[in-house]
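Understanding the architecture of this molecule
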Amino acid sequence: MISTVFKPVFLGFIGSMFLSLGMVYAAEFETADEEFQKLTSDQAKLAWVEKYQSQVAQWPVLDQAYFYHRKGLALEVNDDIEGAKQQFKKSIQLFKSLDTTDPGLVKSLIDLAYMKYLQTNDTKVYCPDRQEAVEVARKINHPEALSAALIQLAFCFQNGFDELTRSLSVLEEAADVAKENNLAQGNLAMIYNATGNLYRANQIHQQAYDYYQKAHQLWVDQDDTQDIFNMLHNMTSEAIALGHWELSENHIKAMYKMAEQYPDFSDFQFFAEFNAGQLAYTQQDFKGAIRAYQAALALKNTTPEQYFVNIAQGRLAVAYFRLVQYDQAFQAADQYLTETDVNNAKDFIKEIHVIDLFSQYKYAEALQAFWDILDNTEDNNRHFVKNAVALQAIRFGENLDALQNQASQQQLAIKQLELEQQQKQTQINQLTAVVVGLIALVAVITAWFLYRSKKHHQIRARRDYLTHIANRRHIIKVGRRLLAQCQRKQQDFSVIIIDIDDFKPINDEYGHAVGDVVIKQVVNTMQSGLSDNQFLGRIGGEEFLLLLPGVNKGRAFAVAEQIRQQVAGKAIVADGIRLAITVSLGVAVNQPPVTHFEELLKRADDAMYQAKKAGKNQVQPVSSTAL
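Residues numbered from 1 in each chain as written. Predicted model: local features only at pLDDT ≥ 70, side-chain atom pairs only at ≥ 80, totals over all residues. Heavy atoms only, no water.

**Considerations on the overall build of the chain**
Put simply, the rule is: For the purposes of this entry, the term helix denotes a DSSP run of H or I that reaches at least four residues, the term strand denotes a run of E that reaches at least two, and both are numbered from the N terminus. Buried means the residue's accessible area, taken with a 1.4 Å probe over protein chains only, is under 20% of the maximum for its type, while exposed means over 50%, and partly exposed covers the values in between. Any two residues whose heavy atoms approach within 4.5 Å at even a single point are treated as in contact. To measure how exposed things are, a 1.4 Å probe is used in the Shrake-Rupley method; for residues, cover is taken only from the protein chains shown.
Regarding its fold elements, the chain presents 27 helices and seven strands. Looking at the chain as a whole, 52% of its 627 residues are labelled buried. Long-range contacts, defined here as pairs at least 24 residues apart, represent 67% of the contacts in the chain between residues at least 6 apart. Within the structure as shown, the chain displays about 29,100 Å² of accessible surface, and the carbon and sulfur contribution to it stands at 49%.

Structure follows, in structure tokens:
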């Protein structure tokens, strides 16, 4: 089942509304639709579609339009979102072909918009259908349809606090329509839900929680299982944002209980685990967050809401990173980037970018990306301060309470609200400057300290003391990760082992000081020809390992030959002694694929010894007999 803060009412008060309009159906469809309305099982609804699909062409166009709408609903509750979208489109096309406009067109437009929301979460994609639904409802002067369409349209204005008054104005009209026409309580619950969403989008969490709680109670009164769970999900997120840990835990326990009680609602368990992860993450219990997010991701196929799946995957990567479990963080971040449309991603993409740069040892770029995150945090803090001050001018709650009690005719004073906001602008700016300044100062000092401390320890743990390239432990660790990454992406992966020829006699004759100079000069020469995604490490006294992700056998051999020529062509002067240095190189590629990185390392090591035996100062690929 689908769980979302933007869920329209499919078969509740709006659904019954369209059945009570006195429209004339062909006897066959009227009987079929009565049967559909009584169904409670998701699979039974699919069986209903199969039962009547062959008869549809014999029905009038109006009945066909309603049939395809019902088919869309059946596919939606069975998590076939793309299929449902196509059926709603077909229904809309049939409704528009009629000589007169039927209210069913409004419902199909609303439901089509909802499918687009589930797939994209992009207002530019799903809001045009909601706007059209409002226009159609106005045209036919249908109160129930207009109220439903206005509620959904209010969700389309979420670009900051400036649009809040516009959203509230839309909801005010929906409230007026509901009040004047004495509509059902489900309509009021949707208005409360919509109001909570608007407050949450503007970081006004206490008011958001209060309205979600009101909607939750109304849906409890109506025994609406899906929407009760949806409001628990919303209330949990707001309680977490407010730091109300005990309240959050109680809501999550209720979600787990509902998941156990209602197994037919397939994604209840996913969202219970997801919210448990959100709570643990916010409390900086990163081990607990990892356990919960892993449990949620194991159930990702039970929900069509990829948006929340992406959040779980992104936060899993960050949680690993915060625990300094870098290999797991890199793998989780790589999976996030593989499965997420980064062009539309809004959550965690910057944090994931930092982790990705870190995995490539691009520390300067990672630090710059970190500062970008800090700048964005400052903008969010400034936005929060403005909202907190301007909130004094919001009195929308009085209107909704009057609607529920039918005791007041008070209307929103939009003009007065704008005037009060202008009068408070000076106060907003002053408070913003002070708070943002303090937050920025603390954040900069903390970030600088943590970065310097972490970088110091990481360098000591990863670098070779003499050459400052990766040490044996670290380069092999990186090799294992890159091999797994290339195998997952079906890319080539090659390694080269390089050994300085006749190094022991140099040490014996000239001493270790000269030997150290030789090693450092050879490393400098090798590094000068490498690209950013090629990794060099020291694995022994005079032995080195080069990792080449995405490089095939031919290119790897060319890289090795270039290194050989560069080293041989550059004399080394140490302590007044001029030395001609050569290296022997062994090349191995992951073909046929290996199970463990150490197997590939042995192939390259064997090839290097073949180069030694063949006379040194040469490149040898792994022989076919060694595979």
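There's plenty left to go through after this.
**Describing helix α8 (residues 143-154)**
Selection rule: To estimate the expected span of a helix, subtract one from its residue number and multiply by 1.5 Å.
Over its 12 residues, α8 extends 16 Å from the first C-alpha to the last, a length consistent with the 16 Å expected when each residue adds 1.5 Å. With 10 of its 12 residues buried, α8 lies for the most part within the structure. Turning to α8, its buried residues are A145, L146, S147, A148, A149, L150, I151, Q152, L153 and A154.

**Side note on the packing of aromatic side chains**
The geometry of an aromatic ring pair comes down to the distance between the two centres and the angle between the two planes. Basically, it comes down to this: A pair of aromatic rings is counted whenever rings of Phe, Tyr or Trp (Trp by its six-membered ring) have centres within 6.5 Å, and the orientation is called stacked for planes under 30 degrees apart, edge-to-face for over 60 and tilted otherwise.
Evaluation of the coordinates by the stated rule reveals 25 aromatic pairs. Ring geometry for Y192 against Y211: centres 5.9 Å apart, planes inclined by 40 degrees, an arrangement best described as tilted. Of the two residues, Y192 sits in helix α10 (residues 185-201) while Y211 sits in helix α11 (residues 205-221), which places them 19 residues apart along the sequence. By the burial criterion, Y192 is buried, and Y211 matches it.

**Here we look at the sheet that holds strand β3 (residues 543-549)**
Put simply, the rule reads: Paired strands are those between which DSSP finds at least two bridges. All axes here are fitted lines through C-alpha atoms, helices being fitted over the stretch that makes contact, and every angle between N-to-C directions spans 0 to 180 degrees.
A sheet is described by the order of its strands in space; here five strands give the open sequence β2-β3-β1-β6-β7, paired in mixed fashion. Each edge of the sheet is formed by a strand with only one pairing partner; in this case those strands are β2 (535-538) and β7 (619-621). Each adjacent strand pair in this sheet contributes to an overall mean axis angle of 20 degrees, direction not counted. Summarising the sheet, β2 and β3 pair through four bridges and their orientation is antiparallel.

**Considering the state of the cysteines**
Structurally, a disulfide amounts to a covalent bond that connects the sulfur atoms of two cysteines. Note the cut-off: Disulfide: a pair of cysteine sulfur atoms within 2.5 Å of each other.
Applying the stated criterion across every chain, the model contains one disulfide. Here C127 connects covalently by a disulfide to C156, the sulfurs 2.0 Å from one another. Looking down the S-S bond of the C127 and C156 bridge, the torsion is -105 degrees, so its handedness is left-handed. Placement of C127 in helix α7 (residues 123-140) and of C156 in the loop between α8 and α9 (164-180) is noted, with a sequence separation of 29 residues between them. Each of the two residues, C127 as well as C156, counts as buried.

**Considerations on the packing of α10 against helix α12 (residues 225-242)**
Spelled out, the test is: Under this scheme an angle from 65 to 115 degrees is roughly perpendicular, one under 35 degrees roughly parallel, and one over 145 degrees roughly antiparallel; angles in between are oblique. Two helices crossing with the near one rotated counterclockwise from the far one by less than a right angle form a left-handed crossing, whereas a clockwise rotation gives a right-handed crossing. Amino acid classes used here: Ala, Val, Leu, Ile, Met, Phe, Trp, Tyr, Cys and Pro are nonpolar; Asp, Glu, Lys and Arg are charged; the rest, including Gly, are polar.
Where α10 contacts α12, the two axes come as close as 12 Å, and the packing angle between them is 25 degrees. Here α10 is positioned roughly parallel relative to α12, judged by the angle of their axes. In this structure, α10 crosses over α12, and the sense of that crossing is left-handed. Contact residues: N193, N197 and R200 in α10; M231, N234, S237 and E238 in α12. Among the residues forming the contact of α10 with α12, the class breakdown is one nonpolar, four polar and two charged.

**With respect to the environment of R538**
Formally: Polar contact criterion, stated in full: a pair of N or O atoms within 3.5 Å, where within protein one must be able to donate a hydrogen and the other to accept it, and residues adjacent in sequence count only if both atoms are side-chain atoms.
On the secondary structure map, R538 appears in strand β2. Note: C-alpha distance between R538 and I498 (40 residues apart in sequence) is 9.4 Å. Not counting the four nearest positions on each side in its chain, R538 is found in contact with D464, Y465, L466, T467, I469, A470, N471, R472, I519, E543 and F544. Here the side chain of R538 touches D464 through a polar contact of 3.2 Å, side chain to side chain.

**A short note on the packing of helix α4 (residues 61-77) against helix α5 (residues 81-96)**
The N-to-C vectors of α4 and α5 enclose an angle of 165 degrees; their axes lie 8 Å apart at closest approach. Relative to α5, α4 is oriented roughly antiparallel. Helix-helix and strand crossings are classified by hand; for α4 and α5 the assignment is left-handed. Of the residues in α5, those touching α4 at V61, L62, Q64, A65, Y66, Y68, H69, K71, G72, L73, L75 and E76 are I81, G83, A84, Q87, F88, K90, S91, L94 and F95. When the residues that make up the contact of α4 with α5 are grouped by side-chain class, the tally is 12 nonpolar, six polar and three charged.

**Considerations on the side chain of Q313**
Position of Q313 relative to the elements: it lies in helix α16 (residues 306-322). Note on Q313: relative accessible area 5%, which makes it buried. Non-local contacts of Q313, meaning those with residues more than four positions away in its chain, are made with L297, A332, Q335 and Y336.

**Concerning the nonpolar core**
What counts is decided by this rule: Each nonpolar core is a collection of buried residues, namely Ala, Val, Leu, Ile, Met, Phe, Trp, Tyr and Cys, held together in the definition by side-chain atoms within 4.5 Å.
Grouped together as the largest cluster of nonpolar side chains are 114 residues, with contacts concentrated most on F67, V106 and I355. The contacts of I355, once residues within four sequence positions are left out, are A317, V318, F321, A329, F330 and A333. Ranked by size, the runner-up nonpolar core spans 32 residues in total, among them A556, A560, A574 and V583.

**Digging into the pattern of salt bridges**
Where we set the bar: Salt bridge, as used here, is a side-chain nitrogen of Lys or Arg placed within 4 Å of a carboxyl oxygen of Asp or Glu.
Counting across every chain of the model gives 18 salt bridges. A salt bridge links K489 to D334, with the nearest nitrogen and oxygen atoms 3.3 Å apart. Taken as a pair, K489 in the loop between α23 (472-488) and β1 (493-500) and D334 in helix α17 (residues 326-339) lie far apart in primary sequence, 155 residues in all. Look at K489 and you get partly exposed, because its relative accessible area is 40%. As a salt-bridge pair, D501 and K612 come within 2.8 Å of each other at their nearest N and O atoms. Separated by 111 residues along the polypeptide, D501 in the loop between β1 and α24 (503-510) and K612 in helix α27 (residues 597-613) bring together distant segments of the chain. Note on K612: relative accessible area 18%, which makes it buried.

**Topic: the environment of N310**
Residue placement: N310 occurs in helix α16. Judged by relative accessible area, which is 15%, N310 ranks as buried. Spatially, the C-alpha atoms of N310 and Q335 are 9.8 Å apart, while their sequence positions differ by 25 residues. Apart from residues no more than four positions distant in its own chain, N310 is found in contact with Y336, E339 and T340.

**Focus on the side chain of R481**
Take R481: it is sitting in helix α23. Beyond its immediate stretch of four places on either side in the chain, R481 contacts D327, F330, S359 and Y361.

**Quick notes on the environment of A65**
The topology assignment puts A65 in helix α4. Residues A65 and K90, spaced 25 residues apart in sequence, show a C-alpha to C-alpha distance of 7.4 Å. The contact partners of A65, leaving out residues within four places of it in the chain, are S91, L94 and F95.

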